[in-house]
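# Structural features, examined
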Amino acid sequence: MIPPLFYLDRYRNEGTRTYSRHADYTEADVRYRPNTGVDHFPVPAFLVPTEELNLYLADPHPSLLDRFSEGAETLFFVHPQLLERPGDDPYLARVLSLPRAPREIWASPSSSTRTLYVRDSDQPHALKLHFPFRVSRYGRRMRDEVVEQAIDVSRELEAGVGAMDPDFAFLREVLGVTFRNLRPETPRGENWGFLVRELTPFPASGESRSLVPGFALYGRDFHDPAEEPLLYALLSDKNPKSFLLDEIMLPIIRHWVTCFLEFGLLLEPHGQNVLLETGPGGSIQRIVHRDLNLGVDNRRRRDAGLPTGGTNTYNRMESGAFSSVTYDKFMGGHFFDYLAACAGARFRNLDLADLRGACKEEFLDLFPDHERYLPRSVQYFSERRDRFGKPTFMDTGKAPDWRP
Ligand SMILES: Nc1ncnc2c1ncn2[C@@H]1O[C@H](COP(=O)(O)OP(=O)(O)O)[C@@H](O)[C@H]1O
Ligand SMILES: [Mg+2]
(Lines give C-alpha, C1' and ligand atoms only; values in the text may rest on other atoms or scores of the structure.)
(Ligands and ions follow the chains in the order given, each with its own letter.)
Protein backbone atom coordinates (compact mmCIF):
# COMPACT_ATOMS: atom_id res chain seq x y z
CA MET A 1 0.00 0.00 0.00
CA ILE A 2 1.31 3.44 -0.97
CA PRO A 3 0.57 6.04 1.73
CA PRO A 4 -1.46 9.11 0.62
CA LEU A 5 0.19 12.25 -0.77
CA PHE A 6 -0.35 14.23 2.43
CA TYR A 7 1.64 11.65 4.37
CA LEU A 8 4.40 11.17 1.81
CA ASP A 9 4.86 14.90 1.28
CA ARG A 10 5.51 15.48 4.97
CA TYR A 11 7.00 12.27 6.23
CA ARG A 12 8.95 10.56 3.44
CA ASN A 13 11.44 13.35 2.92
CA GLU A 14 14.12 12.53 5.49
CA GLY A 15 17.72 12.58 4.34
CA THR A 16 16.94 14.07 0.92
CA ARG A 17 18.03 17.66 1.46
CA THR A 18 21.76 17.18 1.14
CA TYR A 19 22.23 18.65 -2.35
CA SER A 20 23.55 22.01 -1.21
CA ARG A 21 24.84 23.48 2.04
CA HIS A 22 21.57 25.44 2.42
CA ALA A 23 19.16 22.67 1.53
CA ASP A 24 18.10 21.65 5.04
CA TYR A 25 18.10 25.15 6.55
CA THR A 26 14.77 26.51 7.76
CA GLU A 27 13.58 29.50 9.76
CA ALA A 28 10.10 28.02 10.06
CA ASP A 29 8.99 27.51 13.63
CA VAL A 30 8.83 23.83 14.56
CA ARG A 31 5.02 24.05 14.74
CA TYR A 32 4.83 24.99 11.05
CA ARG A 33 7.33 22.54 9.63
CA PRO A 34 6.13 19.57 7.60
CA ASN A 35 8.11 16.99 9.53
CA THR A 36 6.64 17.40 13.00
CA GLY A 37 3.78 15.81 14.87
CA VAL A 38 1.50 18.86 14.41
CA ASP A 39 -1.30 17.63 12.18
CA HIS A 40 -2.85 20.96 11.21
CA PHE A 41 -3.21 24.56 12.33
CA PRO A 42 -5.62 27.45 11.64
CA VAL A 43 -4.65 29.83 8.81
CA PRO A 44 -5.38 33.46 9.64
CA ALA A 45 -7.78 34.95 7.08
CA PHE A 46 -8.83 38.59 6.78
CA LEU A 47 -11.53 40.37 4.81
CA VAL A 48 -9.80 42.87 2.53
CA PRO A 49 -11.69 45.33 0.33
CA THR A 50 -11.30 43.94 -3.19
CA GLU A 51 -10.48 47.41 -4.53
CA GLU A 52 -7.19 47.31 -2.60
CA LEU A 53 -6.13 44.09 -4.30
CA ASN A 54 -4.94 42.66 -7.59
CA LEU A 55 -6.80 39.47 -8.53
CA TYR A 56 -5.29 37.17 -11.13
CA LEU A 57 -7.34 34.30 -12.52
CA ALA A 58 -6.54 31.20 -14.52
CA ASP A 59 -9.84 29.48 -14.95
CA PRO A 60 -10.55 28.56 -11.30
CA HIS A 61 -13.34 26.15 -10.49
CA PRO A 62 -16.34 28.44 -9.82
CA SER A 63 -16.95 27.07 -6.34
CA LEU A 64 -13.34 27.77 -5.45
CA LEU A 65 -13.56 31.34 -6.68
CA ASP A 66 -16.75 31.84 -4.65
CA ARG A 67 -14.93 30.78 -1.54
CA PHE A 68 -12.40 33.57 -1.89
CA SER A 69 -14.08 36.56 -3.39
CA GLU A 70 -17.51 37.91 -2.66
CA GLY A 71 -17.36 41.05 -4.75
CA ALA A 72 -16.63 43.84 -2.31
CA GLU A 73 -14.44 41.72 -0.04
CA THR A 74 -11.83 39.08 -0.68
CA LEU A 75 -10.43 36.51 1.71
CA PHE A 76 -6.77 37.21 2.29
CA PHE A 77 -4.58 34.55 3.90
CA VAL A 78 -1.49 35.14 5.97
CA HIS A 79 0.91 32.53 7.26
CA PRO A 80 0.55 32.39 11.07
CA GLN A 81 4.30 32.80 11.59
CA LEU A 82 4.09 36.22 9.97
CA LEU A 83 1.64 37.36 12.64
CA GLU A 84 4.03 36.23 15.34
CA ARG A 85 7.04 37.96 13.78
CA PRO A 86 5.49 40.87 11.86
CA GLY A 87 8.59 43.07 11.34
CA ASP A 88 7.96 46.35 9.53
CA ASP A 89 5.70 45.78 6.56
CA PRO A 90 3.02 48.24 5.38
CA TYR A 91 0.93 45.49 3.77
CA LEU A 92 0.86 43.40 6.89
CA ALA A 93 -0.02 46.49 8.92
CA ARG A 94 -2.98 47.05 6.59
CA VAL A 95 -4.11 43.43 6.88
CA LEU A 96 -3.97 43.59 10.65
CA SER A 97 -6.20 46.68 10.69
CA LEU A 98 -8.99 44.73 8.95
CA PRO A 99 -11.55 42.28 10.37
CA ARG A 100 -10.81 38.57 10.59
CA ALA A 101 -12.93 36.30 8.42
CA PRO A 102 -15.63 34.59 10.48
CA ARG A 103 -14.95 31.03 9.33
CA GLU A 104 -11.74 29.33 10.35
CA ILE A 105 -9.70 27.44 7.78
CA TRP A 106 -7.39 24.65 8.85
CA ALA A 107 -4.43 23.45 6.87
CA SER A 108 -1.40 21.17 6.99
CA PRO A 109 2.04 22.03 5.67
CA SER A 110 3.31 20.46 2.47
CA SER A 111 6.95 19.59 1.81
CA SER A 112 7.71 23.17 0.82
CA THR A 113 6.59 24.43 4.27
CA ARG A 114 4.83 27.59 3.04
CA THR A 115 2.39 25.84 0.71
CA LEU A 116 -0.46 24.54 2.87
CA TYR A 117 -2.98 21.84 2.12
CA VAL A 118 -6.44 23.14 3.01
CA ARG A 119 -8.53 20.65 4.96
CA ASP A 120 -12.20 19.96 4.47
CA SER A 121 -12.81 21.44 1.06
CA ASP A 122 -14.87 19.77 -1.66
CA GLN A 123 -12.50 21.32 -4.19
CA PRO A 124 -9.05 20.08 -3.11
CA HIS A 125 -6.63 23.01 -3.09
CA ALA A 126 -3.53 24.42 -1.47
CA LEU A 127 -2.53 27.94 -0.45
CA LYS A 128 0.97 29.08 -1.34
CA LEU A 129 1.60 31.81 1.20
CA HIS A 130 3.99 34.72 1.63
CA PHE A 131 6.67 33.51 4.02
CA PRO A 132 9.47 36.07 4.28
CA PHE A 133 11.68 33.69 6.25
CA ARG A 134 14.43 31.60 4.79
CA VAL A 135 13.74 28.00 3.85
CA SER A 136 16.78 26.47 2.15
CA ARG A 137 18.54 29.20 0.09
CA TYR A 138 15.80 31.83 -0.22
CA GLY A 139 13.36 33.91 1.78
CA ARG A 140 9.98 32.70 0.53
CA ARG A 141 8.13 35.86 -0.48
CA MET A 142 5.08 35.96 -2.71
CA ARG A 143 5.58 39.29 -4.40
CA ASP A 144 3.01 40.53 -6.86
CA GLU A 145 5.02 40.03 -10.06
CA VAL A 146 5.85 36.46 -9.05
CA VAL A 147 2.20 35.67 -8.27
CA GLU A 148 1.02 37.17 -11.55
CA GLN A 149 3.64 35.21 -13.47
CA ALA A 150 2.54 31.88 -11.96
CA ILE A 151 -1.04 32.56 -13.02
CA ASP A 152 0.10 33.51 -16.53
CA VAL A 153 2.14 30.30 -16.77
CA SER A 154 -0.81 28.23 -15.57
CA ARG A 155 -3.09 29.81 -18.17
CA GLU A 156 -0.56 29.36 -20.96
CA LEU A 157 0.15 25.72 -20.09
CA GLU A 158 -3.53 24.95 -19.79
CA ALA A 159 -4.25 26.38 -23.24
CA GLY A 160 -1.21 24.72 -24.82
CA VAL A 161 -1.22 21.39 -23.02
CA GLY A 162 -1.96 19.64 -26.33
CA ALA A 163 1.65 20.30 -27.35
CA MET A 164 2.89 18.22 -24.42
CA ASP A 165 3.09 14.43 -24.21
CA PRO A 166 0.00 12.63 -22.87
CA ASP A 167 2.03 11.63 -19.79
CA PHE A 168 2.51 15.29 -18.83
CA ALA A 169 0.22 16.87 -16.24
CA PHE A 170 0.50 19.78 -13.82
CA LEU A 171 -1.18 21.37 -10.85
CA ARG A 172 -2.88 24.55 -12.00
CA GLU A 173 -2.36 27.80 -10.09
CA VAL A 174 -5.82 29.22 -10.53
CA LEU A 175 -6.07 32.32 -8.37
CA GLY A 176 -3.55 34.92 -7.29
CA VAL A 177 -4.34 37.66 -4.77
CA THR A 178 -1.93 40.47 -3.94
CA PHE A 179 -2.04 43.95 -2.51
CA ARG A 180 -1.84 46.82 -4.95
CA ASN A 181 1.54 48.53 -4.83
CA LEU A 182 1.49 51.27 -2.18
CA ARG A 183 4.93 52.51 -3.21
CA PRO A 184 5.06 52.66 -7.02
CA GLU A 185 8.12 54.94 -6.87
CA THR A 186 10.39 52.15 -5.51
CA PRO A 187 12.54 50.16 -7.97
CA ARG A 188 10.71 46.89 -7.33
CA GLY A 189 7.21 46.29 -6.00
CA GLU A 190 7.28 44.59 -2.59
CA ASN A 191 3.49 44.19 -2.47
CA TRP A 192 2.65 40.57 -1.79
CA GLY A 193 -0.16 38.06 -1.46
CA PHE A 194 -0.77 34.39 -2.09
CA LEU A 195 -1.62 31.76 -4.69
CA VAL A 196 -4.34 29.13 -4.81
CA ARG A 197 -3.31 25.82 -6.36
CA GLU A 198 -5.77 23.16 -7.42
CA LEU A 199 -4.68 19.69 -6.38
CA THR A 200 -6.41 17.69 -9.10
CA PRO A 201 -3.83 17.19 -11.87
CA PHE A 202 -4.64 18.85 -15.18
CA PRO A 203 -5.72 17.53 -17.66
CA ALA A 204 -8.22 15.58 -15.55
CA SER A 205 -7.64 11.85 -15.90
CA GLY A 206 -11.11 10.88 -14.79
CA GLU A 207 -9.65 8.00 -12.82
CA SER A 208 -8.76 7.57 -9.21
CA ARG A 209 -5.00 7.82 -8.97
CA SER A 210 -2.44 8.51 -6.25
CA LEU A 211 0.32 11.09 -6.19
CA VAL A 212 3.83 10.31 -4.97
CA PRO A 213 6.39 13.13 -4.59
CA GLY A 214 9.64 12.35 -6.39
CA PHE A 215 11.70 12.54 -3.18
CA ALA A 216 9.40 10.02 -1.49
CA LEU A 217 10.90 7.32 -3.71
CA TYR A 218 14.21 7.52 -1.88
CA GLY A 219 13.45 9.62 1.23
CA ARG A 220 13.44 7.92 4.63
CA ASP A 221 10.29 7.77 6.69
CA PHE A 222 10.09 10.31 9.53
CA HIS A 223 8.43 7.89 11.93
CA ASP A 224 10.17 4.70 10.89
CA PRO A 225 13.69 5.24 9.51
CA ALA A 226 14.05 1.51 8.90
CA GLU A 227 11.18 1.49 6.41
CA GLU A 228 12.31 0.49 2.89
CA PRO A 229 12.41 3.18 0.20
CA LEU A 230 9.21 3.32 -1.81
CA LEU A 231 11.24 3.00 -5.01
CA TYR A 232 11.80 -0.68 -4.28
CA ALA A 233 8.07 -1.31 -3.86
CA LEU A 234 7.22 0.48 -7.12
CA LEU A 235 9.96 -1.39 -8.93
CA SER A 236 8.78 -4.77 -7.61
CA ASP A 237 10.11 -7.28 -10.14
CA LYS A 238 10.61 -4.81 -13.01
CA ASN A 239 13.97 -4.20 -14.61
CA PRO A 240 15.43 -1.24 -12.65
CA LYS A 241 17.16 0.34 -15.62
CA SER A 242 14.15 0.36 -17.91
CA PHE A 243 11.86 1.35 -15.03
CA LEU A 244 13.95 4.40 -14.14
CA LEU A 245 14.47 5.42 -17.75
CA ASP A 246 11.12 4.68 -19.36
CA GLU A 247 8.81 5.56 -16.51
CA ILE A 248 10.58 8.48 -14.85
CA MET A 249 13.71 9.97 -16.39
CA LEU A 250 13.01 10.01 -20.13
CA PRO A 251 9.44 11.32 -19.75
CA ILE A 252 10.74 14.14 -17.53
CA ILE A 253 13.47 15.02 -20.04
CA ARG A 254 10.85 15.11 -22.79
CA HIS A 255 8.68 17.40 -20.68
CA TRP A 256 11.59 19.72 -19.94
CA VAL A 257 12.63 19.99 -23.59
CA THR A 258 9.10 20.35 -25.00
CA CYS A 259 8.20 22.97 -22.42
CA PHE A 260 11.37 24.86 -23.31
CA LEU A 261 10.85 24.66 -27.06
CA GLU A 262 7.11 25.25 -27.13
CA PHE A 263 6.77 27.87 -24.41
CA GLY A 264 10.27 29.02 -23.40
CA LEU A 265 9.36 27.87 -19.88
CA LEU A 266 11.97 26.26 -17.64
CA LEU A 267 10.45 23.41 -15.67
CA GLU A 268 12.20 22.75 -12.35
CA PRO A 269 11.80 18.99 -12.00
CA HIS A 270 13.60 18.34 -8.73
CA GLY A 271 12.37 15.76 -6.26
CA GLN A 272 9.95 18.18 -4.61
CA ASN A 273 8.34 19.65 -7.74
CA VAL A 274 7.66 16.32 -9.44
CA LEU A 275 4.77 14.05 -8.47
CA LEU A 276 4.31 10.58 -9.92
CA GLU A 277 0.71 9.77 -10.67
CA THR A 278 0.18 6.09 -10.02
CA GLY A 279 -2.62 3.80 -11.08
CA PRO A 280 -3.60 0.31 -9.97
CA GLY A 281 -0.72 -1.71 -8.54
CA GLY A 282 1.51 1.38 -8.33
CA SER A 283 2.14 1.66 -12.09
CA ILE A 284 3.23 5.16 -13.10
CA GLN A 285 0.67 6.80 -15.39
CA ARG A 286 1.85 10.40 -15.68
CA ILE A 287 4.36 12.85 -14.28
CA VAL A 288 2.64 15.78 -12.57
CA HIS A 289 4.61 19.02 -12.23
CA ARG A 290 3.85 21.42 -9.40
CA ASP A 291 5.11 24.93 -8.67
CA LEU A 292 4.66 27.24 -11.66
CA ASN A 293 7.03 29.97 -10.47
CA LEU A 294 9.13 29.20 -13.51
CA GLY A 295 11.98 30.93 -15.25
CA VAL A 296 11.11 32.13 -18.75
CA ASP A 297 13.69 32.11 -21.54
CA ASN A 298 12.79 35.15 -23.61
CA ARG A 299 15.32 34.21 -26.30
CA ARG A 300 13.36 31.04 -26.93
CA ARG A 301 10.03 32.86 -26.79
CA ARG A 302 11.16 35.28 -29.48
CA ASP A 303 12.46 32.41 -31.64
CA ALA A 304 9.15 30.56 -31.22
CA GLY A 305 7.15 33.69 -32.07
CA LEU A 306 5.64 33.99 -28.58
CA PRO A 307 4.98 37.27 -26.77
CA THR A 308 7.57 38.34 -24.18
CA GLY A 309 5.69 41.30 -22.73
CA GLY A 310 4.12 39.41 -19.83
CA THR A 311 7.37 38.16 -18.31
CA ASN A 312 8.50 39.90 -15.16
CA THR A 313 11.96 41.07 -14.17
CA TYR A 314 12.42 38.25 -11.68
CA ASN A 315 11.67 35.25 -13.90
CA ARG A 316 12.78 36.61 -17.27
CA MET A 317 16.02 35.13 -18.67
CA GLU A 318 18.20 36.36 -21.51
CA SER A 319 20.94 33.76 -21.07
CA GLY A 320 21.08 30.00 -20.62
CA ALA A 321 22.47 30.06 -17.07
CA PHE A 322 19.20 29.28 -15.34
CA SER A 323 18.30 26.63 -17.93
CA SER A 324 21.40 24.79 -16.83
CA VAL A 325 20.49 25.24 -13.16
CA THR A 326 17.07 23.70 -13.75
CA TYR A 327 18.17 20.85 -16.02
CA ASP A 328 21.64 19.97 -14.77
CA LYS A 329 21.22 20.71 -11.08
CA PHE A 330 17.52 20.55 -10.10
CA MET A 331 16.61 17.61 -12.32
CA GLY A 332 19.96 15.87 -12.80
CA GLY A 333 21.79 16.57 -9.54
CA HIS A 334 18.92 17.03 -7.07
CA PHE A 335 16.70 14.25 -8.39
CA PHE A 336 18.11 11.77 -10.92
CA ASP A 337 21.38 11.28 -9.03
CA TYR A 338 19.44 10.46 -5.83
CA LEU A 339 17.13 8.07 -7.65
CA ALA A 340 20.06 6.34 -9.33
CA ALA A 341 21.96 6.06 -6.03
CA CYS A 342 18.94 4.55 -4.27
CA ALA A 343 18.36 2.02 -7.04
CA GLY A 344 22.11 1.29 -7.24
CA ALA A 345 22.27 0.49 -3.52
CA ARG A 346 20.03 -2.50 -4.11
CA PHE A 347 20.75 -3.44 -7.72
CA ARG A 348 24.51 -3.56 -7.84
CA ASN A 349 24.78 -4.10 -11.56
CA LEU A 350 22.80 -0.97 -12.39
CA ASP A 351 25.28 1.27 -14.17
CA LEU A 352 24.98 5.04 -13.60
CA ALA A 353 26.81 5.67 -16.88
CA ASP A 354 24.13 3.67 -18.74
CA LEU A 355 21.35 5.80 -17.28
CA ARG A 356 23.17 9.02 -18.06
CA GLY A 357 24.08 7.82 -21.55
CA ALA A 358 20.46 7.06 -22.42
CA CYS A 359 19.36 10.46 -21.08
CA LYS A 360 22.04 12.26 -23.09
CA GLU A 361 20.91 10.49 -26.24
CA GLU A 362 17.27 11.34 -25.67
CA PHE A 363 18.13 14.97 -25.01
CA LEU A 364 20.18 15.25 -28.20
CA ASP A 365 17.49 13.54 -30.23
CA LEU A 366 14.80 15.94 -29.07
CA PHE A 367 16.93 19.02 -28.98
CA PRO A 368 19.66 18.94 -31.64
CA ASP A 369 19.88 22.73 -31.45
CA HIS A 370 20.59 22.78 -27.70
CA GLU A 371 23.93 24.58 -27.94
CA ARG A 372 22.14 27.64 -29.19
CA TYR A 373 20.47 28.03 -25.77
CA LEU A 374 22.32 26.06 -23.09
CA PRO A 375 25.84 26.72 -21.86
CA ARG A 376 28.46 23.99 -22.32
CA SER A 377 29.20 23.75 -18.61
CA VAL A 378 26.98 23.42 -15.55
CA GLN A 379 25.83 26.65 -13.89
CA TYR A 380 24.63 26.98 -10.31
CA PHE A 381 23.80 29.57 -7.68
CA SER A 382 26.80 31.43 -6.33
CA GLU A 383 26.96 32.65 -2.72
CA ARG A 384 26.70 36.23 -4.00
CA ARG A 385 23.40 38.08 -4.10
CA ASP A 386 22.08 40.94 -6.18
CA ARG A 387 20.71 44.12 -4.56
CA PHE A 388 17.36 42.43 -3.93
CA GLY A 389 18.94 39.43 -2.22
CA LYS A 390 18.49 37.10 -5.19
CA PRO A 391 21.42 34.69 -5.64
CA THR A 392 23.48 35.24 -8.78
CA PHE A 393 24.67 32.40 -11.01
CA MET A 394 28.15 31.06 -11.46
CA ASP A 395 29.87 28.74 -13.89
CA THR A 396 30.99 25.56 -12.12
CA GLY A 397 33.20 24.67 -15.10
CA LYS A 398 31.94 21.07 -14.90
CA ALA A 399 30.65 19.11 -17.88
CA PRO A 400 26.94 18.20 -17.64
CA ASP A 401 26.14 14.64 -16.51
CA TRP A 402 22.64 14.28 -17.96
CA ARG A 403 22.94 16.02 -21.33
CA PRO A 404 25.69 16.07 -23.96
N1 LIG B 1 13.51 16.83 -1.31
C2 LIG B 1 13.44 18.12 -1.65
N3 LIG B 1 14.06 18.58 -2.76
C4 LIG B 1 13.97 19.87 -3.11
N5 LIG B 1 13.29 20.81 -2.40
C6 LIG B 1 12.66 20.42 -1.29
C7 LIG B 1 12.71 19.06 -0.87
N8 LIG B 1 11.97 18.95 0.26
C9 LIG B 1 11.51 20.18 0.54
N10 LIG B 1 11.90 21.07 -0.37
C11 LIG B 1 11.56 22.49 -0.29
O12 LIG B 1 10.65 22.90 -1.28
C13 LIG B 1 10.68 24.31 -1.32
C14 LIG B 1 10.42 24.83 -2.73
O15 LIG B 1 9.07 24.90 -3.04
P16 LIG B 1 8.23 26.27 -3.00
O17 LIG B 1 8.50 27.05 -4.23
O18 LIG B 1 8.46 26.98 -1.72
O19 LIG B 1 6.73 25.74 -2.98
P20 LIG B 1 5.88 24.83 -3.96
O21 LIG B 1 6.75 23.73 -4.49
O22 LIG B 1 4.77 24.32 -3.11
O23 LIG B 1 5.41 25.73 -5.05
C24 LIG B 1 12.03 24.74 -0.81
O25 LIG B 1 11.83 25.48 0.37
C26 LIG B 1 12.74 23.44 -0.50
O27 LIG B 1 13.49 23.53 0.68
MG1 LIG C 1 8.71 23.67 -5.21
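Here the structure is shown first, and the text comes after it.
These lines cover the structure that appears in this document, whether it is placed above or below. (Residues numbered from 1 in each chain as written. Chains lettered and ligands numbered in written order. Predicted model: local features only at pLDDT ≥ 70, side-chain atom pairs only at ≥ 80, totals over all residues.)

Here the focus is the environment of Glu 198. On the secondary structure map, Glu 198 appears in strand S12 (residues 193-198). In the structure, Glu 198 is positioned 25 residues away from Glu 173 in sequence and 6.3 Å away in space, judged by C-alpha atoms. Excluding residues within four positions of it along the chain, Glu 198 makes contact with His 61, His 125, Leu 171, Arg 172 and Val 174. (Helix = DSSP H or I, 4+ residues; strand = E, 2+ residues; numbered from the N terminus. Contact = placed C-beta atoms within 7 Å.)

Within the open sheet, the three strands sit side by side as S14-S17-S18. Their pairing is mixed. The sheet terminates laterally at strand S14 (265-266) and strand S18 (316-317), the two strands that pair on one side only. For S14 and strand S17 (residues 295-297), the ladder comprises two bridges, and the chain directions are antiparallel. Note on S17: the bridge partner recorded for Leu 265 is Val 296. (Pairing = 2+ DSSP bridges.)

Our focus in this paragraph is the environment of Met 142. Checked against the element boundaries, Met 142 lands in the loop between strand S9 (138-140) and helix H5 (144-160). Once residues lying within four places of it in the same chain are set aside, the contact partners of Met 142 are Lys 128, Leu 129, His 130, Val 147, Trp 192, Gly 193, Phe 194 and Leu 195.

Axis separation between helix H7 (residues 240-263) and helix H9 (residues 321-346) bottoms out at 12 Å; the angle between their running directions is 170°. Considering their axes alone, H7 and H9 lie roughly antiparallel with respect to each other. Contacts from Pro 240, Leu 244, Ile 248, Met 249, Ile 252 and Trp 256 of H7 reach H9 at Tyr 327, Met 331, Phe 336, Leu 339, Ala 340 and Ala 343. Across the contact of H7 with H9, the residue classes tally to twelve nonpolar, no polar and no charged. (Axes fitted to C-alpha atoms, helices over the stretch in contact; angles between N-to-C directions. Parallel < 35°, antiparallel > 145°, perpendicular 65-115°, else oblique. Nonpolar A, V, L, I, M, F, W, Y, C, P; charged D, E, K, R; others polar.)

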